[in-house]
Each structure stands twice: as C-alpha cells, then as structure tokens.
Amino acid sequence: MAKPCGKNDFVFRSGTAEDAAGCVSLWVAACVARDGEAVDGVAERARLKFDNSECWIVAEDAAAGLVGFVLATKPGSGLASDPSGSPVIGLLAVAPGAQGSGLGGALLTGAAAALALHGHERSVLHVLADHRAAVHLYEKNGWRPWGELFPHSLLGRPSQTYVLDLDLPGVR
C-alpha cells in the first residue's frame, strides 16, 4: 500500500529477513549522523533485535529504496523497569534524505497500530535524553516519559524510557 507522506510517496510493508542487513546499515548510518562518529557495537546490538521482533515495518521509496524502518521487540526484551507485558520499539531510523517528511511519525503510528492488533495495551521505547529531534517526535506522537533517567548501556549517555498506551482512539 502506498501512502503519501510529505512530498514523497513511501510504500510501507512488513520487514523480512532479506531486509535485515539494509535496516542495520540504515540504523548505523543514522547513529553516525546523530553522534558524529561510529561507535563499536552499534551494528551488533541492532542485529540481535531482529531475531526477537514482534512488529517490523519498512518504508521504501521508488527511487531511493529503503528509507526507513521501525522494529518492535517482544515484551520483556527491554529493561527490568519497563511496564510489564510491553513490546519495545527498539529501532526507528529514517534516511537523512527522508527526514522531515513525516516518515518517522508514520512508522511509529504503523507500529502502534500493529502492536494494538496483536493485543498489546502499551508499548515502550528508550531514547537518549539529549536527542532532541527524537524526543520531540515521540512526544508529538503521544509518547510520555516513564521513570527516571538511566545511562545508555553502550554510550553511557542519559536515556529516558517513554510509554504509549495503545488503546488510544485511532490506534485500536
């Protein structure tokens, strides 16, 4: 199904094993753009999440190919302090050329709808507290802070858990 998103038309579909390498590459590139440098361990951590997926959506552009994806992992795959029974939005990446088009929000909305259809009442994610663009995106899409700041396990930077109730109107 094609959906207009800003000035581009993206096609959204479920991710497959054939998409994993491209998604990991996009995730690494997004992290480099965010952090200004490559960090050892980022690709390996991302790769492991695909084996535990609950919901995985990719976005493609006819000209550019893969331009974004979101991956939610099964409940219990996050932190011990996460709300019980909540799947985790573990990876969300949008290619630099597609940023600002609404694609990140569309991917989040699609993942929330899919998780609600799977019978989940809430989802959780973890975000670097200083990543203003991501925090703005999540809050704009109804996510709210949960608990205290904690150090990111790989980067050591302050991170925040966010939750979204999936029984919101329009999600279920």
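Residues numbered from 1 in each chain as written. Predicted model: local features only at pLDDT ≥ 70, side-chain atom pairs only at ≥ 80, totals over all residues. Heavy atoms only, no water.

Go over the pairing of strand S3 (residues 53–61) with me, naming the residues and quoting the values.
The buried fraction of S3 is high, at seven of nine residues. Relative to strand S4 (residues 65–73), S3 is paired through eight bridges, and the arrangement is antiparallel. Following the sheet pairing, Trp-56 is matched in S4 by Leu-71. The turn linking S3 back onto S4 is made up of three residues. (Buried < 20%, exposed > 50% of the residue type's maximum accessible area, 1.4 Å probe, protein only. Helix = DSSP H or I, 4+ residues; strand = E, 2+ residues; numbered from the N terminus. Pairing = 2+ DSSP bridges.)

How would you sum up the pattern of salt bridges? Please name residues and give values.
Within the structure shown, the criterion is met by eight salt bridges. Of the charged contacts, one joins Arg-13 and Glu-60 as a salt bridge, the two residues approaching to 3.0 Å between their closest N and O atoms. Of the two residues, Arg-13 is situated in strand S2 (residues 8–14) and Glu-60 in strand S3; the sequence distance between them amounts to 47 residues. What makes Arg-13 partly exposed here is its relative accessible area of 28%. Judged by relative accessible area, Glu-60 falls into the partly exposed class, the value being 27%. Note that Lys-74 and Glu-54 form a salt bridge whose closest N and O atoms lie 3.5 Å from each other. Here Lys-74, found in the loop between S4 and strand S5 (88–94), pairs with Glu-54, found in strand S3; they are 20 residues apart in sequence, far enough to count as distant. (Salt bridge = Lys/Arg side-chain N within 4 Å of Asp/Glu carboxyl O.)

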